[in-house]
Amino acid sequence: MDNQDIQTISVTSDFSVATPIAIGRKVDVDGQGHTVTFSTTGQNLVVTGDGAHVHNIAVKNTADTTKWNSTYGVQFYNGTYTIENITSTGANAGILVNSSTATLGSGVDVSGNNFGGIEVSQSSNEGSPASSLTVNSKIVNTTEAYGKPTVWTDGDNASVTDKTGMTANGEIKENQVQYYLDVKNSTK
């Protein structure tokens, strides 16, 4: 069987890695409830395969992310993606939707990241497409706080369609719209 014939990647146990994992084509990534632990800064699980579906997985980062160093648990780049049943913790942000169109289903937990849950932004690479996120189900973020939103857009050409009733605030940080589960967290 050629690797190109593989349509599903099933994680069969918890494991730790010290380098990023890249998924560069359309596959169904089924974590089967297992945890992948990364110990590096930067992007950890990088999905660039247009049409990939990532679900039933926990991504944990153990590197020092108390200062901003562009560490994301999962990055979806330059494609269309479906995301559900994902936990991403310990990074600067749990998920990065970067020059992509992503649909967020149920079971997404971005608690425990140092700067917020999900960033939606356009890549700085020339010619990169705009980025959009559609939130169809309520997200879990037990560590949401003022300035540490559950979802935020960064810069132009990034948008969020929220079907869950989060509170948006575009006044906290320049060139960002921040989305909060709890209205009390959206103001000082």
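Predicted model only: the values in this text are computed from it and were never measured.

Here we take up the overall build of the protein. For the protein, the count of helices and strands is zero helices and 16 strands. By the compact-globule yardstick of 16 Å for 188 residues, the protein fits well, its C-alpha radius of gyration being 16 Å. The long-range share in the protein, meaning contacts at least 24 apart out of those at least 6 apart in sequence, stands at 54%. Surface accessibility of the protein: about 8,800 Å² in total, with carbon and sulfur atoms responsible for 45%. Seen as two clouds, the 10 positive and the 18 negative side-chain charges of the protein have centres 8 Å apart.

For the rest of this paragraph, the subject is the packing of aromatic side chains. Under the defined criterion, the tally for this structure stands at three aromatic pairs. Ring geometry for W68 and Y72: centres 5.8 Å apart, planes at 80°, overall edge-to-face. Here F76 and Y81 contribute two aromatic rings whose centre-to-centre distance is 5.3 Å and whose plane-to-plane angle is 50°, an arrangement assigned as tilted. When its relative accessible area of 1% is taken as the criterion, Y81 is described as buried. Among the aromatic residues, those joined into a ring-pair cluster are W68, Y72 and F115.

A separate point is the side chain of S131. With respect to the element layout, S131 can be found in strand β12 (residues 131-135). A distance of 3.3 Å separates a polar side-chain atom of S131 from the backbone oxygen of S121. Those residues in contact with S131 that lie beyond four places of it in its chain are V97, N98, S99, S100, V120, S121, Q122, N157, A158 and S159.

For N56, which is not a glycine, the phi torsion comes out positive at approximately 55°. Position of N56 among the secondary structure elements: in strand β6 (residues 53-61). With phi around 50°, N85 is a residue other than glycine that occupies positive phi space. If you trace the backbone, N85 turns up in strand β8 (residues 80-89).

Cut-off values and rules
Residues numbered from 1 in each chain as written. Predicted model: local features only at pLDDT ≥ 70, side-chain atom pairs only at ≥ 80, totals over all residues. Heavy atoms only, no water. Helix = DSSP H or I, 4+ residues; strand = E, 2+ residues; numbered from the N terminus. Rg over C-alpha atoms; globule rule 2.2 N^0.38 Å. Contact = heavy atoms within 4.5 Å. Areas by Shrake-Rupley, 256 points an atom, 1.4 Å probe, with all protein chains shown as cover. Lys, Arg positive; Asp, Glu negative; His and termini not counted. Charge placed at Lys NZ, Arg CZ, Asp CG, Glu CD. Phe/Tyr/Trp six-rings, centres within 6.5 Å; stacked < 30°, edge-to-face > 60°. Buried < 20%, exposed > 50% of the residue type's maximum accessible area, 1.4 Å probe, protein only. Polar contact = N/O pair within 3.5 Å; in protein donor to acceptor, adjacent residues only side chain to side chain.

Geometry only, nothing functional implied.
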